[in-house]
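# Structural overview for review
Each chain, letter by letter, is given below.
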Amino acid sequence: MSTELLHHKLDRAFAHMDVNGNGKIERDDLLGLGARILIGFGESPTTPTGSRLVHAFESLWQTLSAGIDADGAISPQEFRSAMTSAFVEGDRFDAVLRPVAETIAELCDTDGDGAVRPAGFRVMLTAFGTAHDDVDAAFDRLDRDYDGSIPVGELVEAVRQYYTSADPHAAGNWLFGPL
(Lines give C-alpha, C1' and ligand atoms only; values in the text may rest on other atoms or scores of the structure.)
Protein backbone atom coordinates (compact mmCIF):
# COMPACT_ATOMS: atom_id res chain seq x y z
CA MET A 1 0.00 0.00 0.00
CA SER A 2 1.19 3.46 -0.83
CA THR A 3 0.92 5.76 2.14
CA GLU A 4 2.16 8.57 -0.09
CA LEU A 5 -0.83 8.14 -2.42
CA LEU A 6 -3.30 8.15 0.46
CA HIS A 7 -1.66 11.24 1.96
CA HIS A 8 -1.86 12.98 -1.42
CA LYS A 9 -5.61 12.21 -1.65
CA LEU A 10 -6.22 13.35 1.92
CA ASP A 11 -4.32 16.57 1.30
CA ARG A 12 -6.49 17.20 -1.75
CA ALA A 13 -9.59 16.42 0.32
CA PHE A 14 -8.42 18.94 2.91
CA ALA A 15 -8.36 21.59 0.19
CA HIS A 16 -11.91 20.63 -0.84
CA MET A 17 -13.14 21.02 2.71
CA ASP A 18 -11.24 24.23 3.48
CA VAL A 19 -14.00 26.23 1.78
CA ASN A 20 -12.77 29.65 2.88
CA GLY A 21 -9.15 28.82 1.98
CA ASN A 22 -7.60 29.88 5.27
CA GLY A 23 -5.47 26.75 5.69
CA LYS A 24 -7.67 25.09 8.30
CA ILE A 25 -11.03 23.40 8.38
CA GLU A 26 -13.65 24.86 10.66
CA ARG A 27 -17.21 23.72 11.22
CA ASP A 28 -18.45 26.50 8.92
CA ASP A 29 -16.25 25.12 6.13
CA LEU A 30 -17.99 21.74 6.19
CA LEU A 31 -21.41 23.30 6.45
CA GLY A 32 -20.42 25.65 3.63
CA LEU A 33 -19.45 22.71 1.44
CA GLY A 34 -22.81 21.14 2.20
CA ALA A 35 -24.52 24.42 1.31
CA ARG A 36 -22.68 24.62 -2.03
CA ILE A 37 -23.83 21.09 -2.83
CA LEU A 38 -27.43 21.85 -1.89
CA ILE A 39 -27.45 25.11 -3.85
CA GLY A 40 -25.99 23.36 -6.88
CA PHE A 41 -28.87 20.90 -6.88
CA GLY A 42 -31.48 23.49 -5.96
CA GLU A 43 -32.19 21.62 -2.72
CA SER A 44 -33.25 23.35 0.47
CA PRO A 45 -31.56 22.36 3.74
CA THR A 46 -35.05 21.91 5.20
CA THR A 47 -36.12 19.11 2.85
CA PRO A 48 -35.57 15.54 4.06
CA THR A 49 -32.56 15.11 1.74
CA GLY A 50 -31.16 18.54 2.58
CA SER A 51 -31.55 17.93 6.27
CA ARG A 52 -29.81 14.53 5.97
CA LEU A 53 -26.86 16.18 4.23
CA VAL A 54 -26.56 18.91 6.86
CA HIS A 55 -26.69 16.31 9.66
CA ALA A 56 -24.19 14.08 7.84
CA PHE A 57 -21.71 16.96 7.52
CA GLU A 58 -22.28 17.83 11.20
CA SER A 59 -21.47 14.22 12.12
CA LEU A 60 -18.33 14.38 9.98
CA TRP A 61 -17.30 17.57 11.77
CA GLN A 62 -17.84 15.93 15.18
CA THR A 63 -15.70 12.96 14.16
CA LEU A 64 -12.87 15.00 12.66
CA SER A 65 -12.79 17.63 15.40
CA ALA A 66 -12.83 15.20 18.33
CA GLY A 67 -9.08 15.33 18.85
CA ILE A 68 -8.15 18.84 17.77
CA ASP A 69 -6.42 21.42 19.90
CA ALA A 70 -8.12 24.39 21.53
CA ASP A 71 -8.20 26.62 18.43
CA GLY A 72 -11.39 24.92 17.20
CA ALA A 73 -10.01 24.31 13.73
CA ILE A 74 -8.45 21.35 11.98
CA SER A 75 -4.96 21.79 10.58
CA PRO A 76 -3.81 19.75 7.57
CA GLN A 77 -1.86 17.39 9.86
CA GLU A 78 -4.80 17.03 12.26
CA PHE A 79 -7.03 16.28 9.26
CA ARG A 80 -4.72 13.54 7.99
CA SER A 81 -4.48 12.07 11.45
CA ALA A 82 -8.25 12.19 12.10
CA MET A 83 -9.13 10.75 8.68
CA THR A 84 -6.59 7.96 9.05
CA SER A 85 -7.67 7.13 12.58
CA ALA A 86 -11.41 7.17 11.86
CA PHE A 87 -11.65 5.83 8.32
CA VAL A 88 -8.42 4.14 7.22
CA GLU A 89 -7.40 2.35 10.40
CA GLY A 90 -10.76 2.72 12.13
CA ASP A 91 -14.22 1.46 11.27
CA ARG A 92 -16.14 4.76 11.13
CA PHE A 93 -16.72 4.95 7.36
CA ASP A 94 -20.16 3.33 7.44
CA ALA A 95 -21.33 5.41 10.38
CA VAL A 96 -19.90 8.79 9.31
CA LEU A 97 -18.71 9.09 5.69
CA ARG A 98 -21.19 6.71 4.06
CA PRO A 99 -24.20 8.91 5.00
CA VAL A 100 -22.45 11.92 3.43
CA ALA A 101 -21.62 9.93 0.29
CA GLU A 102 -25.08 8.36 0.00
CA THR A 103 -26.90 11.65 0.42
CA ILE A 104 -24.70 13.39 -2.14
CA ALA A 105 -25.12 10.43 -4.52
CA GLU A 106 -28.89 10.66 -4.03
CA LEU A 107 -28.76 14.31 -5.04
CA CYS A 108 -26.60 13.45 -8.08
CA ASP A 109 -29.21 10.86 -9.16
CA THR A 110 -31.48 13.61 -10.39
CA ASP A 111 -34.15 11.30 -11.85
CA GLY A 112 -34.12 8.74 -9.01
CA ASP A 113 -33.28 5.75 -11.21
CA GLY A 114 -30.26 4.64 -9.16
CA ALA A 115 -27.66 6.09 -11.53
CA VAL A 116 -25.65 9.29 -11.73
CA ARG A 117 -25.33 10.95 -15.10
CA PRO A 118 -22.68 13.49 -16.18
CA ALA A 119 -24.81 16.56 -15.36
CA GLY A 120 -25.39 15.53 -11.73
CA PHE A 121 -21.78 14.46 -11.36
CA ARG A 122 -20.64 17.85 -12.67
CA VAL A 123 -22.77 19.71 -10.10
CA MET A 124 -21.22 17.63 -7.29
CA LEU A 125 -17.63 18.09 -8.42
CA THR A 126 -18.14 21.79 -9.04
CA ALA A 127 -19.24 22.16 -5.41
CA PHE A 128 -16.03 20.42 -4.36
CA GLY A 129 -13.97 22.81 -6.48
CA THR A 130 -12.85 20.33 -9.12
CA ALA A 131 -11.52 21.90 -12.29
CA HIS A 132 -14.00 21.78 -15.16
CA ASP A 133 -11.68 19.76 -17.42
CA ASP A 134 -11.13 17.15 -14.71
CA VAL A 135 -14.84 16.40 -14.29
CA ASP A 136 -15.18 14.56 -17.60
CA ALA A 137 -12.01 12.56 -16.99
CA ALA A 138 -13.27 11.56 -13.54
CA PHE A 139 -16.68 10.55 -14.86
CA ASP A 140 -15.17 8.50 -17.67
CA ARG A 141 -12.94 6.59 -15.23
CA LEU A 142 -15.79 5.88 -12.82
CA ASP A 143 -18.24 4.86 -15.59
CA ARG A 144 -16.72 1.40 -15.76
CA ASP A 145 -19.16 -0.08 -18.28
CA TYR A 146 -19.15 3.05 -20.47
CA ASP A 147 -22.94 3.40 -20.53
CA GLY A 148 -23.00 7.09 -19.63
CA SER A 149 -23.93 6.56 -15.98
CA ILE A 150 -22.45 5.53 -12.65
CA PRO A 151 -24.62 3.41 -10.36
CA VAL A 152 -25.21 5.19 -7.04
CA GLY A 153 -23.62 2.27 -5.16
CA GLU A 154 -20.49 2.50 -7.29
CA LEU A 155 -20.22 6.23 -6.61
CA VAL A 156 -20.46 5.55 -2.86
CA GLU A 157 -17.76 2.87 -3.24
CA ALA A 158 -15.58 5.35 -5.14
CA VAL A 159 -15.91 7.73 -2.18
CA ARG A 160 -14.81 4.95 0.18
CA GLN A 161 -11.83 4.14 -2.02
CA TYR A 162 -10.82 7.77 -2.37
CA TYR A 163 -10.79 8.51 1.34
CA THR A 164 -9.52 5.16 2.67
CA SER A 165 -7.57 3.20 0.06
CA ALA A 166 -3.88 3.37 -0.72
CA ASP A 167 -4.36 0.99 -3.67
CA PRO A 168 -2.96 2.80 -6.73
CA HIS A 169 -5.38 0.87 -8.99
CA ALA A 170 -8.60 1.74 -7.13
CA ALA A 171 -11.14 3.36 -9.45
CA GLY A 172 -12.09 5.73 -6.63
CA ASN A 173 -8.72 7.46 -6.94
CA TRP A 174 -10.33 9.27 -9.89
CA LEU A 175 -13.28 10.61 -7.88
CA PHE A 176 -12.09 14.21 -8.29
CA GLY A 177 -10.12 13.76 -11.51
CA PRO A 178 -6.50 12.87 -12.11
CA LEU A 179 -4.19 12.88 -9.13
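The sections below set out a description of the structure shown in this document. (Residues numbered from 1 in each chain as written. Predicted model: local features only at pLDDT ≥ 70, side-chain atom pairs only at ≥ 80, totals over all residues. Heavy atoms only, no water.)

Let's shift gears to the overall build of the protein chain. Across its full length, the protein chain holds eight helices and two strands. From first element to last, N terminus to C terminus, the protein chain shows the α and β order α-α-α-α-α-β-α-α-β-α. Along the first, second and third principal axes, the C-alpha atoms of the protein chain reach 50 × 40 × 30 Å. Looking at the protein chain residue by residue over its 179 residues, the buried ones come to 46%. When contacts within the protein chain are restricted to residue pairs at least 6 apart in sequence, long-range pairs at least 24 apart make up 61% of them. Counting every atom, the protein chain has about 8,400 Å² of accessible surface; 51% of that belongs to carbon and sulfur. (Helix = DSSP H or I, 4+ residues; strand = E, 2+ residues; numbered from the N terminus. Buried < 20%, exposed > 50% of the residue type's maximum accessible area, 1.4 Å probe, protein only. Contact = heavy atoms within 4.5 Å. Areas by Shrake-Rupley, 256 points an atom, 1.4 Å probe, with all protein chains shown as cover.)

Attention now goes to unusual backbone geometry. Non-glycine residue Tyr 146 carries a positive phi angle of around 55°. Counting through the fold element by element, Tyr 146 comes out in the loop between helix H7 (132-142) and strand S2 (150-151). Residue Tyr 146 is classed as exposed on the basis of its relative accessible area, which comes to 71%.

Assignment of secondary structure puts Ile 104 in helix H5 (residues 93-108). C-alpha of Ile 104 to C-alpha of Val 135: the two residues are 31 residues apart in sequence and 16 Å apart in space. When near neighbours in sequence (up to four residues on either side) are disregarded, Ile 104 contacts Ile 37, Leu 53, Phe 57, Met 124 and Phe 128.

With respect to the helices, strands and loops of the structure, Ser 149 is situated in the loop between H7 and S2. Here Ser 149 falls in the buried class, since its relative accessible area comes to 9%. Apart from the residues within four sequence positions on either side, Ser 149 is in contact with Ala 115, Val 116, Arg 117, Phe 139 and Asp 143.

So, about the packing of aromatic side chains. Counted according to the given criterion, the structure contains five aromatic pairs. Where Tyr 162 meets Tyr 163, the ring centres are 5.1 Å apart and the plane angle is 80°; that geometry is what we call edge-to-face. Here Tyr 163 falls in the buried class, since its relative accessible area comes to 5%. Measuring from ring centre to ring centre gives 5.0 Å for Tyr 162 and Phe 176, while their planes differ by 85°; the resulting arrangement is edge-to-face. Of this pair, Tyr 162 sits in helix H8 (residues 152-164) while Phe 176 sits in the segment after H8, placing them 14 residues apart in sequence. For Tyr 162, a relative accessible area of 0% corresponds to the buried category. Every member of this aromatic cluster is reached through a ring pair, and the members are Phe 128, Tyr 162, Tyr 163 and Phe 176. Of note, Lys 9 hangs over the ring of Tyr 162, and the distance from its end group to the ring centre comes to 5.6 Å. (Phe/Tyr/Trp six-rings, centres within 6.5 Å; stacked < 30°, edge-to-face > 60°. Lys NZ or Arg CZ within 6 Å of the ring centre and 35° of its normal.)

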